[in-house]
Amino acid sequence: MKKIVLSISMLMIAAVCSFSQIVINTEVGDISMRLTGRTSFDVGCYDDGKNGVMLNDTRLGTMINFDDKWNAHFELLLDNKTVSFRDITIAYSFDEHHSVKVGNYFMPFGAKITGLAYKFCEDAPADFAITPNRKMGAAYFYTSDKLNLTAGLFSDGNADAKALNQGWNLTGKVVYRPIINDNTVLHLGFAPMYTQSPNSVSFMGIVPSTIGMRMSAGGEMLADNVFRLEAEALYIKGRFYAEARYQRADVTLPEGKYLDVVGIYDVGELIGYEYISINEYVGGGNYEGKSTNLDKITAQGVYAQTSFLLIGDQQQYHKAMAFSIAPVPKSLELLLRVSHLTIEEMGRTSDITLGLTYHFNKYLNAKVNAVTVFSSNMDVLFALQGRLQFSF
């Protein structure tokens, strides 16, 4: 309770301050600065009886702009008694088309870059499992009406990493928009990523990921390398929006190392955790009745989501980010998502989510989601979720 009161108080103070932008005039250009932040109040009811209420993902940060070309963003996560870094970036825009960014942030892959879940209360399981978290690195961005190009080189560690050798990620993304105008957008995207790292790689198909964490499929392993790819299509016309994404990760396993075949989680605590030698796993025996002749593991998933504005006239699109964004204030949005994730030897999960979101203004929205989860590792789960999300 103290955490909730303290977090809400800090955010209210910061929000009031954020509406007043500080501008400093200098001989070489103007410096502007404002506070940023967000938090979510989540409620979850589940048919297995593990219900809950929580204040989720409380952030505080600052945005600094200099001379219309330099931009810096620093963000902290306030979690229980700890404070940790999230986005730490410095960007420079050469002109309206070309820019570079360095720091700790999401690589150009998946929808996590949009923030706290993409349109729903929870990330799609495929996106949650296959998309990497923030990493330290640098990327080049090109943006025009028809085309987005991104290329980046990142470490495989984030701002909190302590070891010197964190490996590396080579990333890229292409988005082409054959149609873009005030009413209609069609975009097609493709993003490859190659990772070579001494760190373990994990694919956690966790549904839900906020209250009462339940792992429907997944595990953790050491890897020689990982190759990821993503293909996407997005369409907007007036009140209608639709998007589909396919994501895949191929993990090459090192000989003689260890594989965590599956972990079973419940309410944030690890219940089952089993390791076996990959030599033994590949060596011809059976493990829980499964074929064990493999030198790589593939995780792949697909999801499609759509929405229609019951109140409001036009879905919105952010050209530089290449994502659908919140419609204008006082809009009511009806949403549907279907998702499937398969992790070789570690299980599969599918879910159907029906949602309703009311956008009060650009700072506040309320979401209600009804979710049905089908998994090879647990019984069918039905969840009713609510979220009041505040950001500035």
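These figures come from a predicted structure and were not determined experimentally. Within each chain, residues carry numbers counting from 1 in the order of the written sequence. Local features in this predicted model are restricted to residues whose pLDDT is 70 or higher, and side-chain atom pairs enter the listing and the counts only when it is 80 or higher, whereas totals over whole chains, interfaces and linings include all residues. Side-chain numbers come from the whole structure's heavy atoms, not from hydrogens or water.

(A) Focus on the overall build of the chain. Helix numbers and strand numbers start at the N terminus; a helix is a DSSP run of H or I with at least 4 residues, a strand a run of E with at least 2. The number of helices and strands found in the chain is 3 helices and 23 strands. Every residue pair with non-hydrogen atoms within 4.5 Å of one another is taken to be in contact. Partitioning the intrachain contacts of the chain with sequence separation of at least 6 by distance along the chain shows that 59% fall at a separation of at least 24. To be clear on the numbers: accessible area is Shrake-Rupley with a 1.4 Å probe, and residue cover counts the displayed protein chains and nothing else. In the structure as shown, the chain presents an accessible area of about 18,700 Å², 61% of it carried by carbon and sulfur atoms.

(B) Seen up close, the pairing of strand 13 (residues 225–237). Any two strands are treated as partners once DSSP identifies two or more bridges connecting them. Here 12 bridges tie strand 10 (residues 184–196) to strand 13, and the two strands are oriented antiparallel to one another. For proline 192, the partnering residue across the bridge sits in strand 13 and is leucine 229. Here strand 13 runs beside strand 14 (residues 240–252); their pairing, made up of 13 bridges, is antiparallel. When the bridges of strand 14 are listed, alanine 233 appears paired with alanine 244. Between strand 13 and strand 14, which pair antiparallel in sequence order, lie 2 residues; one of them, glycine 238, sits at a positive phi of approximately 60°.

(C) Looking closely at the nonpolar core. Definition used in this section: a nonpolar core is a set of buried Ala, Val, Leu, Ile, Met, Phe, Trp, Tyr and Cys residues joined via side-chain atoms within 4.5 Å. Burial classes follow relative accessibility: with a 1.4 Å probe on protein chains only, a residue under 20% of its type's maximum area counts as buried, one over 50% as exposed, and anything between as partly exposed. By size, the foremost hydrophobic cluster in this structure holds 22 residues, and its most contacted members are Ile130, Val201, Phe203, Met221, Val226, Val251 and Ile343. Among the secondary structure elements, those contributing two or more residues to this core are helix 2 (125–130), strand 10, strand 11 (201–206), strand 14, strand 17 (296–311) and strand 20 (331–343). Ranked by size, the runner-up nonpolar core spans 13 residues in total, among them Tyr118, Val185, Tyr317 and Phe323.

(D) Layout of the environment of arginine 34. On the secondary structure map, arginine 34 appears in strand 2 (residues 29–46). By relative accessible area, arginine 34 is classed as partly exposed at 31%. As for arginine 34 and asparagine 65, which are separated by 31 residues in sequence, their C-alpha atoms are 9.1 Å apart.

(E) Molecular detail of the environment of serine 391. Summarising the element assignment, serine 391 is placed in strand 23 (residues 381–391). For serine 391, a relative accessible area of 24% corresponds to the partly exposed category. Each C-alpha atom, one on serine 391 and one on lysine 362, is 8.0 Å from the other, the two residues being 29 residues apart in sequence.

(F) Spatial organisation of the pattern of salt bridges. Between Lys or Arg on one side and Asp or Glu on the other, a salt bridge is scored when a side-chain nitrogen of the former is within 4 Å of a carboxyl oxygen of the latter. For the structure on display, the rule yields 12 salt bridges. The residue aspartate 87 makes a salt bridge to arginine 134 at a minimum N-O spacing of 2.9 Å. Taken as a pair, aspartate 87 in strand 5 (residues 82–93) and arginine 134 in the loop between helix 2 and strand 7 (135–143) lie far apart in primary sequence, 47 residues in all. Assigned by exposure class, aspartate 87 and arginine 134 land together as buried. Through salt bridges with shared partners, one network takes in Lys173, Glu230, Glu232, Glu243 and Arg245.

(G) Local environment of the pairing of strand 9 (residues 168–180). Sheet analysis places strand 8 (residues 147–155) next to strand 9, joined by 9 bridges and oriented antiparallel. For asparagine 148, the partnering residue across the bridge sits in strand 9 and is valine 175. Sheet topology note: the strand 9/strand 10 ladder contains 9 bridges and is antiparallel. Pairing of valine 175 across the sheet is with glycine 189, part of strand 10. Linking two consecutive strands that pair antiparallel, namely strand 9 and strand 10, is a turn of 3 residues.

(H) Representation of the confidence of the model for the chain in the model. The pLDDT score gives, residue by residue, the confidence of the prediction method on a 0 to 100 scale. For the chain, the average pLDDT comes to 80, and 77% of its residues sit at 70 or higher. In the predicted structure, residues 260–293 sits below a pLDDT of 50 and forms 78 contacts with residues beyond four places in sequence or in another chain.

(I) Examining the side chain of histidine 359 more closely. Looking at where histidine 359 falls in the secondary structure, it is placed in strand 21 (residues 347–359). Using a relative accessible area of 7% as the deciding quantity, one classes histidine 359 as buried. Among the polar contacts made by the side chain of histidine 359, one reaches the side chain of glutamate 333 at a distance of 3.1 Å. Residue contacts for histidine 359: discarding those within four places in its chain leaves Ala326, Pro327, Val328, Pro329, Lys330, Ser331, Glu333, Leu364 and Asn365. N or O atoms closer than or at 3.5 Å make up a polar contact, with two conditions inside protein: a donor-capable atom paired with an acceptor-capable one, and, for residues adjacent in sequence, both atoms drawn from side chains.

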